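Each chain is listed here by its residues.
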Amino acid sequence: MHKKLISILLILAMLFAFSGCTSVKDIITGDNSDNATYKKSSTVNFAISNIKTLNPVVSHDEDTYYISKLIYQGLFSLDKNLIPQNDLARDYTVSKNKKTVTITLDSNARFSDGEKVTASDVVFSVNAYKHAGSKSIYSSYVSCIASAAAKDSSTVKITFTGAGEGGINRLVFPILPEHKYHSYAALSDSDENFRPLGSGMYRVAKYDSSRTLILKPNDEYSGQKADNRLVFNIYHGNADIMNLTDGNLVSFSVNKDTERQTEIGSKNLKTTDFLSNEVEYVGFNCKGQITSDKSIRQAIAYAIDLNSIISKAYFSCGVKTDSLYYPEFYGTENKGDMYSLSRKKSKDILDKAGFKDVNKDGYLENSEGRAVTVRILVNNSKTRKSAADIIAESLEKISLKTQIISCSQQQYRSYLKSGRYDIYVGGARISEYYDLTPFIASGNFAGYENPKALSLAADVNTPNKEEDIKASVEALKKILNDELPYYPILYKIYSAVVSNELTGDLAPMFCNYYVNCGKWYSSYKITNTEE
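Cut-offs used in this document
- Residues numbered from 1 in each chain as written.
- Predicted model: local features only at pLDDT ≥ 70, side-chain atom pairs only at ≥ 80, totals over all residues.
- Heavy atoms only, no water.
- Patch = residues over 30% accessible without salt bridge, like charges linked within 9 Å, V, L, I, M, F, W, Y side chains within 5 Å.
- Areas by Shrake-Rupley, 256 points an atom, 1.4 Å probe, with all protein chains shown as cover.
- Salt bridge = Lys/Arg side-chain N within 4 Å of Asp/Glu carboxyl O.
- Lys, Arg positive; Asp, Glu negative; His and termini not counted.
- Charge placed at Lys NZ, Arg CZ, Asp CG, Glu CD.
- Helix = DSSP H or I, 4+ residues; strand = E, 2+ residues; numbered from the N terminus.
- Buried < 20%, exposed > 50% of the residue type's maximum accessible area, 1.4 Å probe, protein only.
- Contact = heavy atoms within 4.5 Å.
- Pairing = 2+ DSSP bridges.
- Axes fitted to C-alpha atoms, helices over the stretch in contact; angles between N-to-C directions.
- Right-handed = clockwise from strand over helix to strand, strands pointing away.

Caption draft 1: Up close: a negative patch on the surface. A cluster of acidic residues, Asp459, Glu466, Glu467 and Asp468, forms a negative patch on the protein surface. Among the elements that line the negative patch, the one with the most residues is helix H15 (residues 466-483), at three residues. Structurally, the position occupied by Asp468 is in helix H15. Classification of Asp468 as partly exposed rests on a relative accessible area of 37%.

Have a look at this one:
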């Protein structure tokens, strides 16, 4: 957690150059007891890393991904339960075979240069991302699209490669202006001076790739317009963002460090916690000698002390979840830990399965009288090693002998592929469209097979009605909770760290940090001195 402190003087110089207070009409009177007033500033300051390019087609920079949400619109956007909502789309219909979606665009949508957003722009965007291939973070979003065609200027027809291979929740990638770029080649390079042009809430007012990006309200935006300007100061190397925020040089930042509370608690900062898309879990070898029986997997789950893992290994930076799906995905209920700690239940299940301490050495043998050792596989992650230690302690308390196999990431994957483990401590950062097929399809590391589960995962990944997708999610969760190829530990929580001067409705999401930022502002206290 030790970081090099960026030059405060450089950031101060930027702030004095680009921030300003509103007129006297915007002054908010403060507490008269300390003879103070407050100035309301419409400038909100951020710090970002030295990004390679703002070109959304080929950029892999995290900051570019989130800034693109401010400058561009997708056909759809995702709400807090990751349910697609119309963005550039005004309406849509789905074919009977669930392979084709016909979308009518918002007739009022325009790019910030005044040009109308058309179906041709959508087709151009799809093909630009497909042309970029693996160079684009949106490759998996469009790989399931077989074709995109403009029926007229305001209607686009998107055909997926097959039913169950793509849903409208993938159609959230930025829509680009064809009239500005004309060819895919113009978007294939990581040009550090690339200047975005979109139809979103903000437009680029100024961009110096080595210093600052300034966004101002897009007057052409068809939604609720922003009231502020956003200044993204670009830092190089490791910057101490926490200190910059504490000093009011940065208004808003996101901290993902599981040990962050110690540092945050020592500073006068506000925080807003929000769910990440990172799930940590215990995976079972469904073809292993010990864990091929689901009842044994359930017994192990009942024995694991999740509370201890979450508090000691993850420093309480997470929430319990009943599945690998994002908590409350599509409005489903998150019931938390489905196998709450119960050593009695665990021992009863093992006893029923014939596990007994035959030779009285303190450890159980299986129904054939053979010694049992649960091999716990973990990579070299400090957090997961700690979790593995607690799991081993938990299993020892029900008389199961354990062996922790701790290894490099390369060795870890080799063990997984060869099935040389009984349980493993794993994790995944799942794309915002939440396709769980890789956890269920052939070749998954757990060796799990269930055609019905695979079919339900495909139904979720199909442009079905919202209520039908929700029903499929609930049915799939039920199967996975019973058969238990994966036992979720937690969904990680991130923290939005906010200066005391920032005011506004903060509702960050892992896929959009800046939700509602159009109404954020800063309020600075000014102390008056009596003459």
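Caption draft 2: Geometry of unusual backbone geometry. Positive phi values are uncommon outside glycine, yet Lys98 reaches one of about 65°. Position of Lys98 among the secondary structure elements: in the loop between strand E6 (89-94) and strand E7 (100-105). Phi angles above zero are rare outside glycine, and Glu328 is one such case at about 70°. Positionally, Glu328 belongs in the loop between strand E15 (318-319) and helix H10 (343-352).

Caption draft 3: Fine view of the environment of Lys385. Within the element layout of this structure, Lys385 appears in helix H11 (residues 382-396). The exposure class of Lys385 is partly exposed, given its relative accessible area of 33%. Each C-alpha atom, one on Lys385 and one on Val425, is 8.3 Å from the other, the two residues being 40 residues apart in sequence. Not counting residues within four places of it along the chain, the set of residues in contact with Lys385 comprises Val378, Asn379, Asn380 and Ser406.

Caption draft 4: The side chain of Asn461, seen in detail. Secondary-structure assignment places Asn461 in the loop between helix H14 (451-460) and H15. Not counting residues within four places of it along the chain, the set of residues in contact with Asn461 comprises Gly164, Glu165, Gly166, Gly167, Arg170 and Asp435.

Caption draft 5: Representation of a positive patch on the surface within the structure. On the surface, a cluster of positive charge is contributed by Lys180, Arg195, Arg203 and Lys216. With respect to the helices and strands, Lys216 occurs in strand E11 (residues 212-217). Take Lys216: its relative accessible area is 33%, and that puts it in the partly exposed class.

Caption draft 6: Quick peek at the sheet that holds strand E10 (residues 202-208). Across the sheet, which stays open at both edges, the four strands sit in the order E3-E12-E11-E10 with mixed pairing between neighbours. Two strands lie at the open edges of the sheet, namely strand E3 (43-48) and E10, each paired on one side alone. Within the sheet, the average angular offset between the axes of one strand and its neighbour, ignoring direction, is 20°. The strands touched by helix H2 (residues 62-71) within the sheet are E3, E10, E11 and strand E12 (229-234), with E11 carrying the most contacts at an inclination of about 20°.

Caption draft 7: Examining the pairing of strand E17 (residues 401-406) more closely. When strand E16 (residues 373-378) meets E17, the two strands line up parallel, connected through six bridges. Paired with Leu377 across the bridge in E17 is Ile405. For the segment spanning E16, H11 and E17, crossover handedness is right-handed.

Caption draft 8: A look at the side chain of Thr258. Tracing the backbone shows Thr258 in the loop between strand E13 (252-255) and helix H7 (260-265). Among residues more than four places away in sequence, those in contact with Thr258 are Tyr314, Phe315, Cys317 and Thr383.

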